[in-house]
Structure formats: C-alpha cells, structure tokens
Amino acid sequence: MDYLYYPGCSIKESGIAYEESLTAIMDVLNTPLQELEDWNCCGATTCISVESDEAIALASRNLALAEKQSNSKGTVDLVTPCNACYLTLMRATHYLSERQDIAGKVLPALDKQGLHCDNRVRIRHPLDVLVNDVGVKAISDHVRRKLTGLKVACYYGCQMVRPYATFDDPHRPTSMDQVMKALGAQTIDWSLKTKCCGAALGSLLPDIVEQLCHDILREAEKRGAEVVVTGCPLCHFNLESNQSAIRKRHPDFKTIPVAYFSQIMGLGFDLPPKKLGIQRLFIPLPASLTAGAGKGGEYVTA
Amino acid sequence: MLLRDEFSKNGDIRIGVYVCDCGTNIAGKVRVPEVVEYAGTLPHVVVAKEYKYMCSDPGQDMIRREIKEQKLNRLLVAACSPHVHEETFRNVAAQAGLNPFLFQMVNIRELVSWVTKDPDKATAKAKDMIRAAANRVLFHEELEPLKYHIKRNVVIVGGGIAGIHAALLLADSGEHVYLVERESSIGGHMAMFDKTFPTLDCAACILTPKMTMVKSHPNITIMSYSEVVEVNGFVGDFKVKVRKKPRYVDEENCVGCFECIDACVFKDARYPNEFDFGLGKRKPIYMPFPQAVPPVPVIDADTCIEFKTGKCPKECLKACGERAGIDFAQKEEIVELEVGSIIVATGFDSFDPKKMPQYGYGIYSNVYTSLEAERLFNASGPTAGELVLRDGSKPKSVGIIHCVGSRDENHNRWCSRVCCMYSMKLAHLVKERTNADVFNFYIDIRAAGKGYEEFYNRTMEEGVQYIRGKVAEVTDNAQTKDEEGKLVIRVEDTLLGMIRRIPVDMVILSVGLEPQHDALEVTKMFNISCSGGGWFMERHPKLAPVSTMSGGVFLAGACQAPKDIPDTVAQAGAAASEALALSHKGVIEVEPNTAFIDETLCSGCQVCVGLCPYSAISYDQEKKISILNQALCQGCGVCAGACPSGAAQQHLFNDSQLMAEIEGALAGVL
Amino acid sequence: MNKEFEPKILGILCNWCSYMASDLAGTSRSQYPPNIRVVRVMCSGRIEPQLILWAFQQGADGVLVGGCNPGDCHYQEGNYKALRRVTLLKTMLPQFGIEPERLRLEWICASCAEEMRKTVEEFTNTLCRLGPLKVQIPQIIPVTGKAVVEYVQT
C-alpha cells in the first residue's frame, strides 16, 4: 500500500526528531512514506477560529494535492503524524463531503488553482497505520532489542481520537499501548491519556498550560512511568519544555523524559539513537534505554 | 369520459359533504367556505355544509338529521385522519339508518392544513381530496361488518409488575390468563428494588403478596422460563406458540423445600447470580432470589457438573428422592395457546454505561449502576442490605450521576422519567444506611408526580447535596491529598459557574431506560409498530394509549415508554380492562375489507393462491376457479392487486373505487 | 428547472406505515410541498401496476408508492410484492415514454414523519427537474371489477 505523507510545519522544526524516527521505523517496517509535494500549512486550530471557510480551503488544498500526486484511482491514504494536522485535515474531508455550504465555496476556489478534490483522501495517523495496516505482529517481529520491563505512559493527546474517533476509542484509546507492548514494554493504566495538554495556548496562557502539563506528567510519574510517550509534536513540545516552569510551581515534581512513540520503537528495533533524534530531547531518556542502543546490546531494565 | 359521468346512470346518488373547521386547525389554513361551495357543485352532491367541530354533538346531530331529511345515500366528512374519527362518523351514519360503509372520511387536517404553508394551495388540495372522495363513494356498496367470536383467554407477555397486575385483574373477573415470563421467576425489575419512591414502601412487601396471589390463582397459568415464539390469528382468535425452556426441575413435583440446593456438590455458591448482576453468587442449582415465583429452583446447564461431564454424584437428585422433582432429561417444549387477546408487557432494558467510558463503569470497581445499587440495598440481596464497597468497607461519600444515557444526543434523546426520583431514593437510602455525604449531579430535576417534589425537598433537608451540571468524567487521577485513593467526579457546576472536582468513594450511575434489546423481534411477532427510539407504539398517543394498531393486542408498562410503578400499574389496569371489554362483548365486529372472488371473471390461473399470506384462497378442482375463505382473509388485498382478470377484488378498496378516487384526486389544476 | 411548474404527485400509501407517517407528519406540523394527493390502501401489496398507469393517464406527473419497512409489513410480506411489481413496472415505463424516476417506491415506517416530509420534498424537486409528463398514455384497458368493465364497454 502506498502512503502519502503530510508532515506539517511543527515536525519540520521543533518536532524534527519525530520525522527522523518515524521515517526510520517505517523503513524498517517496509512501509515507506512519500512526502506530499508543495504542501502548505494546514492552518491548525488557530486559523479556523478566525476565518472558517478560508481555513477549510487552506487545509483542502493539501487534499487536492494528494489526489493529484497519488497513483491511486480510489482512496488515497494521507498519513500525518501531528495531532493538530490530523484533526484539521480530517475536518476538511468531513466538511467537503458533508457540508454543501462550505464545499460550495472551497471547491471553486481550488478550481481556480487548477486543483480538484473528489473526497478520495483518507487521513491516517501513523498509529492507525501501525496497528491496523502493518499490524502488531509485524512490529514485534522486527524487535531486536526487547524493552522488557520498561514502564511507559502512553499519552495520546486530545485531538488524535476526538472528535473523529476513526481508529480508536475516544476516551480510552489503546493503539499506542498495543505498539509499546509489542516492543516488550509495560504501559501504565491511567485516565489521562487524552487529557488536553494546552497545546498552542502555551505562549498565551502559561499558567493554565503549565497546570495541565503538570497534571499529566505528575500522574505518569506517580504511576511509575519512566517515560511519557506521545504521538504529536505539539504535545511533545509542551510536555517537555514546560517541566522547569512546573518545578518552580510544584517543587515536589521532579522530571520525566518525554519521547515520541516512534523513537521508542526505533530503540526497540535497535536503530542508532542518532537516526532517531534521541540527542535532540531536552530531557535525556533513562540511561538504561539508550546505553548500547543501536549496537546490538540487550536492554536491561533499570 | 369521466368515470363518474358514466356512473351517473347507476341510480339516484345523493351525496352529503360535511367539512369541519376543527376550530382553527383546518379553517386557519383552508378556506372552508370556498371548499364547501365547491363541494356543492360536484355531481350528485345535494348538500354541503361547514361546521366548527363536526365531531361534537351538534355536528353529529346535524349530519344525522340531514341524512334523513335530504335522503342522503352517501356521506362524506372532510375533517381529520380516518384513524381519528372514521369510527365516529360511521356510527353517525348507522344511527341515521345509512349503511356505515357508504361513508368516506376525507383527511384535510393531517394531510392538508397541518402540513401546508400556503392557504391557496391548502384550499386547492382540500378540494381535490373531496372531489376524489365524492368520486369514490359512487362505487361504495352496502356492507355488513364481519363478526367474530372472542375467545375468553388472555396471554400476557412479561411477568413484571405490569403483567402481574393485569393478570390478577383479569383472573379475578373470570378470564383465564397465561402469564409468560422469560426468566425463571416473575417479578421483573420491581423485584430487584429495595424501596419505592416517594413513599419508601418496601418493594418486596408490596410485590411479593401479588406474586403469591398470581401463583395461587386458579385462573392464572404461570409459564416461567418461557418465551413466545410465534403468533398467528387475529383479534378474538390468536394462536400463540410458547417455548418452555427446560429448567430441569419439574414444577408439578417440586415442593419448594430447596433441599436440592443445599445438597449440591458445590458447597459454596460460586457462580455470579444474574439477578444480582454478579454481585452475589449462586450454585448451578439455584433460586434467583428468595421470594421467586414459582418457588421452584432452576438448574443452569452451563455450570452444572452433570451437564458438563455427566459424572456428578447428583446429590440434588438424591436429596429430592421420591418427590422426583429433579429431571435432568427435561426437554424444551412448545405449547400452543388459543387466546382472544394479548397484553404485551415486556418492560425495558437499562442503558449499558460501558458506552460512556468517561464514567468509568467496568474500569473502576466502585462505579455501580443504579440497579446494582438497588441490589446492594435490598435486604435479600448479596450484602443483606448493607451498602459496602468492593473491599467490604462502608463508603464515606457517594456521588450519584443522573441522566446516564438519557437526554443525550450521543445515546438516547428521551428523558427516562424515573431516574431523578430513584436517584433521590438511592440518596436517601445512602444517608439512612451509612450517613455518607451524598452528591447528586443533575441536568434538571424532574419531580412531577404525587409527593415527588415533597420527596425532593425531604432529601435536601436530610443533607443530600444537589449539583447542577452534566458530569464530564469520573477519574482516579488525584491532584490533591484529599483525592488520593478516591474517585474524582469532574463537573461544571452551572449554578456556581465553575469547574468542580468532587472526590467520592462510590459512584452510582443513574442509567436510563431503553427498549428491550429484542424489542424489534417482538414487534414483528405481535404485528405492532415502534415509535421513535424503539418503544412500542400505541394506537393513539392520547386517546388509545394502551391499544395498538393490531386489534386485540394491548400494551402495558415500560415497553410502551419509560414509566414509573404507579403509571405502569395504571396502564396495566387499563390494558386489562380493554381486554376484558373485548371478551365481555363476546363478539367483535371487524372492518369488512376482505377480498372476494367474482366467479364469473375468474379464469382459474391460481396466481392469488400462492400470494395469500393467510392461505385463505384455495383452488376448486371441480369449478376450476379460486375460492376465498372469508374467515381467514385479513384484508390486505394482495390477491386483488395480482389478479390478471379482475376477479379478485377487495371490499372498500376495489378497482373501481380506487380508480375513481385517483381520477378525482388528479382532476384539479395545481 | 421550471419554477412555474407544479408537479402533481399521487401517493398511494399503506394504512399501517406510510399513511401513519403522513398522519404523524401532520400532528408534528411538518411542512412539505402541497403537490401530493394521497390515496390510502390497506397494504402496498394491493397496488397493481394498472392503478399506477391509470394515475399517469389521469395526469399524475409522479406516483409515490409507500409501504412498511422490509420485515415490518402488517400483512407479513405485501410490501415485497409491491417491490416486485414496482421494479418490473419501472423497466416498462420507458416504453410508454415515462422516465422511471417518476415512479418511486419508499418504505416509510409509522414513526417516520421526517422521512415522509423529505420524500415528498425530494420527489417534488425531481419532478420539477423532469418537467410535466408530456406523453399521452394510450388508453389502457384496465382489467378491473365489474363496474369498470361496464364503463370501458360503453
């Protein structure tokens, strides 16, 4: 199956480690992602709150590009690793097929650019592809360095499964947990998997966002997680970069590393840490996880 | 070349047209005087009149008078739906000496004034419909209603409080009742409750005596552990097939000593008791609850060693001894009942809160449904009436969440009607038994009913706290010391205008009511319809609330819509008296819309024979034509629709009537 | 689309489901186009193709046949018979020069008032698009009961 890949802006900047590690593991799994040519910003949550029709048009341009670029005459799978892009593009596909009033404005606008959209694009999150297309079995078959004993907290964020719960439960998703378990890791059972981290409000309302991040990180720490694992560059940035500010407010909070699920997978596949952007993390992963990684060394739990 | 012109040679037809204003319901949209004037110009119409309420006494009097004075031989009333007043005006005709089937109802309310914006169009549509009917009645003929003898037995499906109450009423007045219950005991949901709101009557104390009366009543046959599988026939003469599941204990021989249960090789009860939602345990041979009726144990083949391996010492059999109550060889049995009417009282299911994982049911062990809480409070329940958490300790704080699954776009849109009140009752019981802090989370409090609002006030005086807001989630994520080890209810308190986190030990979800999971199959079996949401549909929401569109099939209790015990009992009484009224009449008059076969036209092709769903048509080998048995015909007209030579026809819907009606309906200009 | 044109629809509805739905549309004060004229029959299985052709001949621009949902027929399976007849008739209509879209079969349950409203609205739009039924249907000799036979003979 061919997958087109829409990276989104964050992943090319603050979230570059996500792209590096995702590309690496998808190569191992023989599921290469082909980047969409000439893609543009999806508009994320910011744009739509100001100009709704324009925001849908902005996102829809990527859908039209995908239909143009794909060899498929039927459904086109467009993979986007960012939760915000995922929701925004998903909303665009939904509006184009269900909301005639909006489609009636967006489609002619695309037409002026010589673009066309036939509602053939299916937006996929990498976790969806991993669990439903690649399969948990194939993942565990590729594990070279079993992460037995590693305790992780899978944090999905709010936009991956809500409101479009296409591939997982909107309240208690399990896809990331399944992937982590396939690596041999243990996942903690907690209720904050889809709690909002505050995302883009970090620069506007730091008080609130720090509190939200604290609640999530603290709960993960309390339940014995060694790493918080995410599938979104915005969640990752928020949870990682706010930790020093959180410590000032909550002195009893220590620190907990935050990694992308693809990085942990790469470590399980025994890929070199550098290829996975591990060195880019502000908070280093537990030494046990990185020591000897990529060199055929066995994982020994701390 | 109009049909009606051709027909004018058929004697002296005198039509009276009566157009109803229905207050402003019709006259507010349709220009009635104009319609009346138009009707007067139609051929054969000798009188056309308007009246404010045609169904009122003066309206009826006017029609009766004019039928006589004007020597009318056709009657047309343009008013509401035939489903509302056809019967009324047929009677008017009959009282004035006119054969009621020479009357035709024209529906200009439901089909015209209520659904049309433009008065011009509505007026035109009303004229067209009157013209259609005036055309049609030319071809009407005098008919006699078909009369059938009514069998004096009644089958009641569902042994909850509705079925029990209806059974006792009918049995007391001399009818024989078959009470069919799917579970091994009658009692239904009410048997699970501890107390009933708002009077706090002990549910068992008021229900158990009725259950025992059912058991001992000579006119009632309880068919427990049984299900209706097939229904044939029609009002007055139904044939109902009931499947009796094997309970492996002979109801005749069992004396109800329960020595078999004590003797079972399982010394301890170890299997989850379904009646307690698994909170209590039972043995493979068990009674679901102590007051079960009939007081006969049941053996669950899935857990019984004898059924699983065939190597059980069968201590139960030995204990029973010569009483010979245990019967491992019992087989499923199909019993056919012949009854005159049917009362459907199949009750409700409760909403499955696993569909709302944000409330943590099935995830956090101390989140209970309201029915589970009822069992905990019940003196004969798994904890003998103690409200305890899974670890056996008493809760110090309890949160009760209203409207779980109800009034919710994502689940059920209806209000389940009973949850506010039973939540208050549970709150009161929590206070009474544990003195814990109780928080009720509600969207709106609906306490309409005798003594209900007073009960609401009483619980507030007892210290129950009411927080207005739909709960966002129940979580074990503790953010403060107070929240450690608790379930935290996160809610927007819409009266305070703030988000609150309330830590509690126990959460009770006030789950809403839903139609039974197999309600759709039941509707098909009894030939009844569903309203929105899947509740069984009554014949008329206001004027025929317990009848259905199928004659002789009545509804009682929550299968029709969510309702509390008093309303259920009242409706059961109504259903019983409807059934009684029917059987006391002895004879029922059925609309003579049956088919008939014109022997002179029948070519003997037999197309109709195979089509008839009731096997009412057979082929006469000697005459070489099809013969119709009127008694079996249900009046669908499928044969008339198929007959290639026009020999098969349907009274009230024959070809000429329908064609004339169509011609009239389309003759206008839009 | 011809804005001036008001199509005439003949609705032949079964007593138990689709007629009940129209009643309910009334009690719920649903507003729909005034173009439909309703004839009630006990079961959609009663409707013979001749009645439909007769309606076209008498000036209907469209005919709506309404029955109960599959499996819900009050008379067990009359609606299936209607389905067979309508399906066959639709294949024949072009021979008369009638677009098959002018005949519509719908399952409308007794509580489906909204479905009823939508159906009439959609059907009216379809017929506005198709325009008036221009073809003259040849005099079909209706095979019917005595009265009509007499009529045809005169």
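Our structure's up above, just so we're on the same page.
Residues numbered from 1 in each chain as written. Chains lettered and ligands numbered in written order. Predicted model: local features only at pLDDT ≥ 70, side-chain atom pairs only at ≥ 80, totals over all residues. Heavy atoms only, no water.

A.B. asks: Help me out: how do you make sense of the overall build of chain B in this one?
C.D. replies: From N to C terminus, chain B includes 19 helices and 34 strands. Along the three orthogonal principal directions, the C-alpha set of chain B runs to about 95 × 70 × 40 Å. Scored against the burial criterion, the 670 residues of chain B give a buried share of 58%. For chain B, the accessible surface area stands at approximately 26,700 Å², while carbon and sulfur atoms represent 51% of it. Within chain B, one finds 73 positive and 86 negative side-chain charges whose respective centroids are separated by 2 Å. (Helix = DSSP H or I, 4+ residues; strand = E, 2+ residues; numbered from the N terminus. Buried < 20%, exposed > 50% of the residue type's maximum accessible area, 1.4 Å probe, protein only. Areas by Shrake-Rupley, 256 points an atom, 1.4 Å probe, with all protein chains shown as cover. Lys, Arg positive; Asp, Glu negative; His and termini not counted. Charge placed at Lys NZ, Arg CZ, Asp CG, Glu CD.)

A.B. asks: For this particular structure, what's the right way to read the interface of chain C and chain B?
C.D. replies: Size of an interface: often given as the accessible area lost when the parts come together. Contact with chain C, which involves 56 residues of that partner, is made by 64 residues of chain B. Summed over both partners, the interface of chain C with chain B buries about 5,500 Å², with 61% contributed by carbon and sulfur atoms. For R46(C), the salt bridge is made with D655(B), and the minimal N-O distance between the two is 2.7 Å. Our count for the contact surface shared by chain C and chain B stands at 20 residue pairs in polar contact (both at pLDDT 80 or more). Looking at which element gives the most residues to the side of chain C that touches chain B, the answer is helix 1 (residues 18-27) of chain C, with seven residues. Grouping the amino acids of the side of chain C that touches chain B by side-chain chemistry returns 27 nonpolar, 17 polar and 12 charged. (Contact = heavy atoms within 4.5 Å. Buried area = accessible area lost by both parts, 1.4 Å probe. Salt bridge = Lys/Arg side-chain N within 4 Å of Asp/Glu carboxyl O. Polar contact = N/O pair within 3.5 Å; in protein donor to acceptor, adjacent residues only side chain to side chain. Nonpolar A, V, L, I, M, F, W, Y, C, P; charged D, E, K, R; others polar.)

A.B. asks: Just checking my understanding: could you explain the arrangement of the chains for this structure?
C.D. replies: No other pair of the two pairs of chains in contact has as many contacts as chains B and C. At the C-alpha level, the nearest point of chain A lies 16 Å from chain C, with no contact between them.

A.B. asks: Help me understand the environment of C605(B), please; the structure alone is not making it clear to me.
C.D. replies: Looking at the element boundaries, C605(B) is found in the loop between strand 31 (595-597) and helix 17 (607-611). Separated by 21 residues in the primary sequence, C605(B) and S626(B) have C-alpha atoms spaced 8.1 Å apart.

A.B. asks: What is the right way to read the state of the cysteines from this model?
C.D. replies: What we call a disulfide is simply a covalent bond connecting the sulfur atoms of a pair of cysteines. The tally for this structure, following the rule as stated, stands at three disulfides over all chains. Linked covalently through their sulfurs, C202(B) and C205(B) form a disulfide whose S-S length is 2.3 Å. Across the disulfide from C202(B) to C205(B), rotation about the S-S bond amounts to roughly 85 degrees, and the bridge is consequently right-handed. Owing to a relative accessible area of 22%, C202(B) belongs among the partly exposed residues under this scheme. What makes C205(B) exposed here is its relative accessible area of 51%. When the cysteines engaged in disulfides are numbered in sequence order, chain C pairs them as 1-2, 3-4. C42(A) carries a free sulfur, and the closest cysteine sulfur to it, the one in C85(A), is 4.0 Å from it. (Disulfide = S-S within 2.5 Å.)

A.B. asks: What exactly am I supposed to notice about the pairing of strand 23 (residues 465-468) of chain B here?
C.D. replies: Each regular strand displays side chains that alternate between the two surfaces of the sheet. Residue and element names in this part refer to chain B. Direction of pairing for strand 22 (residues 437-442) relative to strand 23: parallel, over a ladder of four bridges. The partner of F441 across the bridge, within strand 23, is I467. Read from strand 22 through helix 14 (residues 452-461) to strand 23, the crossover connection turns out right-handed. (Pairing = 2+ DSSP bridges. Right-handed = clockwise from strand over helix to strand, strands pointing away.)

A.B. asks: I keep staring at the sheet that holds strand 12 (residues 237-244) of chain B and nothing clicks. Help me out?
C.D. replies: Two pairing modes exist for strands in a sheet, parallel and antiparallel, and in both the strands are linked by backbone hydrogen bonds. Residues and elements named next belong to chain B. If you walk across this open sheet you meet the three strands as 11-12-17, and the pairing is antiparallel. Lying at the two open borders of the sheet, with one neighbouring strand each, are strand 11 (226-234) and strand 17 (333-339). Averaged over all pairs of adjacent strands, the angle between their axes in this sheet comes to 20 degrees, without regard to strand direction. Strand direction decides the pairing type here: strand 11 and strand 12, joined by eight bridges, are antiparallel. Each residue of the ladder has a partner; that of E227, found in strand 12, is R243. (Axes fitted to C-alpha atoms, helices over the stretch in contact; angles between N-to-C directions.)

A.B. asks: Help me understand the interface of chain A and chain B, please; the structure alone is not making it clear to me.
C.D. replies: Contact with chain A, which involves 10 residues of that partner, is made by 12 residues of chain B. Between chain A and chain B the total buried area reaches about 920 Å² when both faces are included, carbon and sulfur atoms providing 34% of it. Connecting chain A to chain B are three salt bridges. In this structure, E484(B) and K222(A) form a salt bridge, with 3.4 Å as the shortest nitrogen-oxygen distance. Put simply, chain A and chain B have 10 residue pairs in polar contact (both at pLDDT 80 or more) between them. In terms of residue class, the side of chain A that touches chain B is built from one nonpolar, two polar and seven charged.

A.B. asks: What is the right way to read the packing of helix 2 (residues 32-41) of chain B against helix 6 (residues 119-137) of chain B from this model?
C.D. replies: To characterise two packed helices, one gives the angle between the axes of the helices and the distance between these axes. All names here are of chain B. One way to put it is that helix 2 packs onto helix 6 with a least axis distance of 10 Å and a crossing angle of 30 degrees. The angle between helix 2 and helix 6 falls in the class roughly parallel. The handedness of the crossing between helix 2 and helix 6 is right-handed. Touching E34, V35, Y38 and A39 of helix 2 are T123, A126, K127, I130 and R131, all from helix 6. Of the residues assigned to the contact of helix 2 with helix 6, the class counts are five nonpolar, one polar and three charged. (Parallel < 35°, antiparallel > 145°, perpendicular 65-115°, else oblique. Left-handed = near helix turned anticlockwise from the far one by under 90°.)

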